[in-house]
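# A look at the structure
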Amino acid sequence: MRELTYVARRTVEWREAPDPKLRSDGEAIVAPVAATPCDVDSAILAGHATRRKPHIGYSVEPPFALGHECVARVVDTGDAVTGVAPGDLVVVPWSINCGTCDRCRAGLTAHCAAVPYMAMYGAPIGGTWGGLFSDLVRVPYADAMLVPLPAGLDPVAVASASDNWSLARRLVAPHLQARPGARVLVVTRGSICLYVCDVARALGASEVLYVDPEPEHRAIARGYGASTAESLDPLPQGFEIAVEATGRVDRLALTVKCLAPEGVCESAGNHFRPGELPLLDMYLTGVTLRIARDNVRAHIPDALQLAASGKVAPEKVVSHVLDWEDLPTALPENHLKPVCVRDEA
């Protein structure tokens, strides 16, 4: 089989690898049919993430198999697998998790105690698990990890349910449930927060302000009913909920300054660079700030249910539909949210 392999900045190529085999009766082999780059993949392709991180002890130096968002077709399963069967369409979560350890049972699937720290698809962290831009992928805990795709959902529209789409729902849905009709501020440079605009509108936010320097992205946000701006006014604006996904601490600092008293900010950016936050302002306002990877497996079913409800339109974020064979040339180009589709025939 082939793996799409990151080899250098803005450079990926097909490389041959052995076909994955079932190693236990609880595993599955899947074939991605619709895969898409996460916002962190864009950072990897730009060369921002591939350097030694001595303070947390891992390296993401190339070459490695890329990709951690896809809808896939089940090809084979072990005898103990009961949740899916060959032929099923499934969402493959980005993180490896067993589903039975204390952390997984608590919903902390990104922190599974049964696998190495940060075990995931698409980067050589916590072991080598392959990438979801591959012809075939081994899923070590099939019943715990794989989520059947509801009938009628387009795999292209929800190819990002492995991470970004499900994350977007988690970033705002619990907070809007606790604060119905809240005003939502969205500060971004990627696809996650466009999904956030869609979800926030669908779940009853009274106002959504989307801040992004890219005019094409702002046009999509307006299509979701958000108001838009090119840059963020640092003056307090009284938002109860904020979502920041720029990966820049200076933008995060501006975002938290715009919160109303006791407001909450979710930071979904990949912070590869250090910086300073306005801690005194945050203390005086009573800000709640969460910076985290998502425990996505716990949230995929609710995200798919929302996608199937007809209240949202994640397909509007899909910027291009690309042929699987064109991945080496097409993926490094600057697209917002391309989805790469494989002809199953």
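Preceding this paragraph is the structure being described.
Residues numbered from 1 in each chain as written. Predicted model: local features only at pLDDT ≥ 70, side-chain atom pairs only at ≥ 80, totals over all residues. Heavy atoms only, no water.

Looking now at the sheet that holds strand S2 (residues 11–16). As summarised here, the arrangement of the 3 strands in space is S2-S1-S4, forming an open sheet in which the pairing is antiparallel. Either end of the sheet is taken by a strand with one partner, and the two such strands are S2 and strand S4 (64–65). Pairing of strand S1 (residues 2–8) with S2, which is carried by 6 bridges, proceeds in the antiparallel orientation. Across the sheet, Glu-3 pairs through a bridge with Arg-15, a residue of S2. (Pairing = 2+ DSSP bridges. Helix = DSSP H or I, 4+ residues; strand = E, 2+ residues; numbered from the N terminus.)

Looking now at helix H7 (residues 249–257). Within the sequence span of H7, burial applies to Val-249, Leu-252, Ala-253, Thr-255 and Val-256. Buried residues along H7 cover an arc of 160° about the axis, so they all sit on one side. (Buried < 20%, exposed > 50% of the residue type's maximum accessible area, 1.4 Å probe, protein only. Arc of directions from axis to C-beta.)

Looking now at the sheet that holds strand S11 (residues 227–229). Working definition: the strands of a sheet are paired by backbone hydrogen bonds and lie parallel or antiparallel to each other. A sheet is described by the order of its strands in space; here 6 strands give the open sequence S11-S10-S9-S12-S13-S14, paired in parallel fashion. At either end of the open sheet lies a strand with only one pairing partner, and these are S11 and strand S14 (288–291). Between one strand axis and the next, the sheet turns by 15° as a mean value, whatever way the strands run. As defined by bridge partners, strand S13 (residues 259–267) adjoins S14 across 4 bridges and the pair is classed as parallel. Bridging from a neighbouring strand, Glu-266 pairs with Arg-290 of S14. (Axes fitted to C-alpha atoms, helices over the stretch in contact; angles between N-to-C directions.)

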